[in-house]
Amino acid sequence: MHRRSFLAGATALWLPSMARAQAPLAAQPFGLGVASGQPSATSLVLWTRLMAEEPWETPAGVLPVRWEIAEDEGLRKIVRSGEAIAEARWAHTLHVEVEGLQPGRPYWYRFTVQGKASPVGRTRTAPDARARVPALRFALASCQQYEQGYYAALRHMAAEALDAVLFVGDYIYDISWGRDLVRRHDGGRPTVLGEFRERYALYKSDRDLQAAHAAHPWIVTWDDHEVTDDYTGDISPADPDPARFLAQRAAAYQAFWEHMPLPNAMQPRGPSMRLHGRHRFGDLAELHVLDDRQYRSHHACRATLTRGKILTGCEERLDPARTMLGAEQEAWFADGMRRASARWNLVVQQTLMAEADRGQNGQHAYWADGWDGYPAARARLLDAVASSPARDTLVLGGDVHSFWAADLEREKAIVATEFVGGSITSQGPAEARVKALLARNPHLRYGRTGINGYGLVTLDPKSAQVAFRTVQSVKDVNSPISTLARFAVEPGRPGVQGA
Ligand code: FE
Ligand code: CA
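How each quantity is defined
Residues numbered from 1 in each chain as written. Chains lettered and ligands numbered in written order. Predicted model: local features only at pLDDT ≥ 70, side-chain atom pairs only at ≥ 80, totals over all residues. Heavy atoms only, no water. Donors = N, O, S within 2.8 Å, 3.2 Å for Na, K, Ca; no water. Tetrahedral: all angles 85-135°; square planar, octahedral: opposite > 155°, others 65-115°. Phe/Tyr/Trp six-rings, centres within 6.5 Å; stacked < 30°, edge-to-face > 60°. Helix = DSSP H or I, 4+ residues; strand = E, 2+ residues; numbered from the N terminus. Buried < 20%, exposed > 50% of the residue type's maximum accessible area, 1.4 Å probe, protein only. Lys NZ or Arg CZ within 6 Å of the ring centre and 35° of its normal. Disulfide = S-S within 2.5 Å. Pairing = 2+ DSSP bridges. Axes fitted to C-alpha atoms, helices over the stretch in contact; angles between N-to-C directions. Contact = heavy atoms within 4.5 Å. Domains from an automatic or database assignment. Buried area = accessible area lost by both parts, 1.4 Å probe. Salt bridge = Lys/Arg side-chain N within 4 Å of Asp/Glu carboxyl O. Core = buried A, V, L, I, M, F, W, Y, C linked by side-chain atoms within 4.5 Å. Polar contact = N/O pair within 3.5 Å; in protein donor to acceptor, adjacent residues only side chain to side chain.

A. Structural context of the coordination of the iron ion (ligand 1). Taken together, the protein donors to the iron ion (ligand 1) comprise Cys-143 (SG), Asp-170 (OD), Tyr-173 (OH) and His-401 (NE2), at separations of 2.0 to 2.4 Å. Around the iron ion (ligand 1), the four donor atoms are arranged such that angles at the metal cover 89 to 165 degrees; this shape is classified as irregular. Here the donor residues for the iron ion (ligand 1) map to a single chain with the spacing C-x26-D-x2-Y-x227-H. Taken as a pair, the iron ion (ligand 1) and the calcium ion (ligand 2) show a spacing of 3.8 Å, with Asp-170 coordinating each metal.

B. Structural context of the packing of aromatic side chains. With the rule as written, the count across this model stands at 19 aromatic pairs. Here Phe-30 and Phe-111 contribute two aromatic rings whose centre-to-centre distance is 6.3 Å and whose plane-to-plane angle is 25 degrees, an arrangement assigned as stacked. With Phe-30 in the loop between strand S1 (22-23) and strand S2 (34-37) and Phe-111 in strand S8 (residues 106-113), the pair connects residues that are 81 residues apart, well separated along the chain. For the residue pair Phe-30 and Phe-111, the accessibility class agrees, reading buried in each case. Summarising the aromatic geometry, the rings of Tyr-231 and Phe-245 are spaced 5.5 Å apart at their centres and angled 55 degrees between planes, so their arrangement reads as tilted. Here Phe-245 lies in helix H5 (residues 242-259) and Tyr-231 lies in the loop between strand S13 (217-220) and H5, a separation of 14 residues in the sequence. Accessibility classification places Tyr-231 together with Phe-245 in one group, the buried group. Ring-pair connections join several aromatic residues into one group, and the members of that group are Phe-403, Phe-419, Tyr-446, Phe-468 and Phe-487. A cation sits over an aromatic face here: Arg-183 above Tyr-146, 3.8 Å from the ring centre. Over the ring of Tyr-231 we find Arg-293; its NZ or CZ atom is 5.9 Å from the centre of that ring.

C. Focus on the state of the cysteines. Under the defined criterion, the tally for this structure stands at one disulfide. Residue pairing for Cys-301: its cysteine sulfur links by disulfide to Cys-314, the two sulfurs lying 2.0 Å apart. Because the sign of the S-S torsion sets the handedness, a value of about 95 degrees for the bond joining Cys-301 and Cys-314 places this disulfide among the right-handed ones. Of this pair, Cys-301 sits in the loop between strand S15 (285-289) and strand S16 (310-311) while Cys-314 sits in the loop between S16 and helix H6 (327-338), and the two are 13 residues apart along the sequence.

D. Representation of the sheet that holds strand S19 (residues 393-397) within the structure. Spatially, seven strands are ordered S14-S15-S17-S19-S21-S20-S22 in an open sheet, and the strand pairing comes out mixed. A single partner strand is all that each edge strand has here, and the edge strands are strand S14 (277-281) and strand S22 (444-448). Along the sheet, successive strands turn relative to each other by an average axial angle of 20 degrees, direction set aside. Inspection of the sheet shows S15 paired to strand S17 (residues 344-348) by five bridges, in the parallel sense. Across the sheet, Ala-285 pairs through a bridge with Trp-344, a residue of S17. Here helix H7 (residues 375-386) sits on the sheet in contact with S19, strand S20 (403-410) and strand S21 (413-421), set at roughly 80 degrees to S20.

E. Fine view of the domain arrangement of the chain. Split by domain assignment, the chain resolves into domain 1 (21-124) and domain 2 (136-497). Its C-alpha centre places domain 1 at a distance of 28 Å from the equivalent point of domain 2. Contacts between the two partners involve 29 residues from domain 1 and, on the opposite side, 30 residues from domain 2. Together, the buried faces of domain 1 and domain 2 total about 2300 Å²; carbon and sulfur atoms form 54% of this surface. Of all residues in domain 1, Gln-38, Trp-90 and His-95 bury the most surface against domain 2, accounting for 28% of the area lost on that side. Where domain 1 touches domain 2, the interface holds one salt bridge.

F. Inspection of the pattern of salt bridges at higher detail. Summed over the entire model, instances satisfying the criterion amount to 31 salt bridges. Notably, a salt bridge pairs Asp-223 with Arg-293, separated by 2.9 Å at the nearest N-O pair. In this pair, Asp-223 sits in the loop between S13 and H5 while Arg-293 sits in the loop between S15 and S16, placing the two residues 70 residues apart along the sequence. Arg-293 shares its class with Asp-223; the two are buried. Note that Arg-339 and Asp-335 form a salt bridge whose closest N and O atoms lie 2.9 Å from each other.

G. Structural detail: the environment of Ala-26. Residue placement: Ala-26 occurs in the loop between S1 and S2. C-alpha separation for the pair Ala-26 and Leu-50, spaced 24 residues apart in sequence, amounts to 8.2 Å.

H. Just the nonpolar core, in detail. The biggest cluster of nonpolar side chains holds 46 residues, and the ones touching the most others in it are Met-157, Trp-218, Phe-256, Leu-262 and Tyr-454. Per element, the largest residue contribution to this core is seven residues, and it comes from H5. With 33 residues, the next largest nonpolar core counts Val-289, Leu-396, Phe-403 and Leu-459 among its residues.

I. Representation of the environment of Ser-142 in the model. As for its placement among the helices and strands, Ser-142 is situated in the loop between strand S11 (136-141) and helix H2 (152-159). Owing to a relative accessible area of 1%, Ser-142 belongs among the buried residues under this scheme. Remark: the alpha-carbon pair of Ser-142 and Gly-187, spanning 45 residues in sequence, is separated by 23 Å. With residues near it in sequence (within four places) discarded, Ser-142 still touches Phe-167, Val-168, Gly-169, Gly-398, Asp-399, Gly-422, Ser-423 and Ile-424. From its side chain, Ser-142 meets the backbone oxygen of Gly-422 in a polar contact 3.1 Å long.

J. Inspection of the pairing of strand S10 (residues 121-124) at higher detail. Burial along S10 is one-sided: Gly-121 and Thr-123 are buried, while Arg-122 and Arg-124, pointing the other way, are not. Note: S8 against S10, four bridges, orientation antiparallel. Residue pairing across strands places Pro-106 opposite Arg-124, the latter belonging to S10.

Structure (structure tokens):
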């Protein structure tokens, strides 16, 4: 049965009185696909979720699921296998931590329950930390508002030769918005666990998203829309009561953990979940994955409840006590930079880091929700980057639904190079705004809106190359892809080349 028709009747599940029936497994219990993630040189997480026939039903009981991982596509040379338990408490999701694998090679995996096999997924371990790695390639993706377009970009991403996908937030959207929608969310804004689970099930019913997960391991962080638009720490613009909002955040974090290929150690505890982490890829790259949502200070000058969240003349913005990462994560990041030894450091985070002054006529104006709302925290992060013994750092981001290349500066010196990889579907800002930002902020070397896709980051010892890959139209499920722009960065010489 096709998942899109399978979900067609899902509107009913938003009725609050709806009983959650216990039901047999679906004829295709793996209808949300399979996924893998968190690749190290010897380990990976394998993911799936068992479904009942209707998305508002919970499969009955505690279900043993067989998993296998093999060295070949035909799954003849099985190297590890076992049984995992799916239970209602975690929405019958599985997070199998496979260990003892060989570094830097592909593997294929599948699950089986009650005689029914999942699709076969392909994944890949990272190279050994001491290995000399000639080249690596990552996709950089974010912001896949389901209503605003089809996931043709993700299907093309599935076909790229990648070491991993870096997904930097807005995997689901809490809100419905935008023009010319191609499909609709079922129901309204999720606030409780069941509603967040159903939103993930809707997104993951998309075949192209499933293909991108089944083709590559994913390394993920979140942004705001996995919980609610523009939240900061324990405050939501939609619900300024912190106690009530933290209950929603706990539900949202649990649903995120359940639906991502993340290890059991990351399971949330109430409204807290440690998501930041490091990933080593041989001598060539180290990824520092950040969480700039959970621990950040509230918006400056009470901007949370204002539309647009633009700050002008706000002294509080500059307060050095303001934090984006929280003290603990900030110290963890600085420590990682001090000990960095790979050729390329990749700071994998949510949003545009470079200053983007949008003021006019001698005024300065900054967006409260981005790094511009936290300039002292940004300066501390870039100081840690600048003093690292491994000098070559790329900052990779998303969130702003547009493509950017920027020089990141401290005291007029370029210390890192930034790329923002557009959005898979989410609608971007007006072209006039992007042009005004480029004119006013010379360190913003390239900006482009009104087009969707992802970034392709190719690293070798002599250069980092970034290509912006874009689909012709998110309204066309079969849209072709092409390269919008290409950039390069040389070791020892931070800054955008080719803009
Ligand atoms: Fe977004
Ligand atoms: Ca966002």
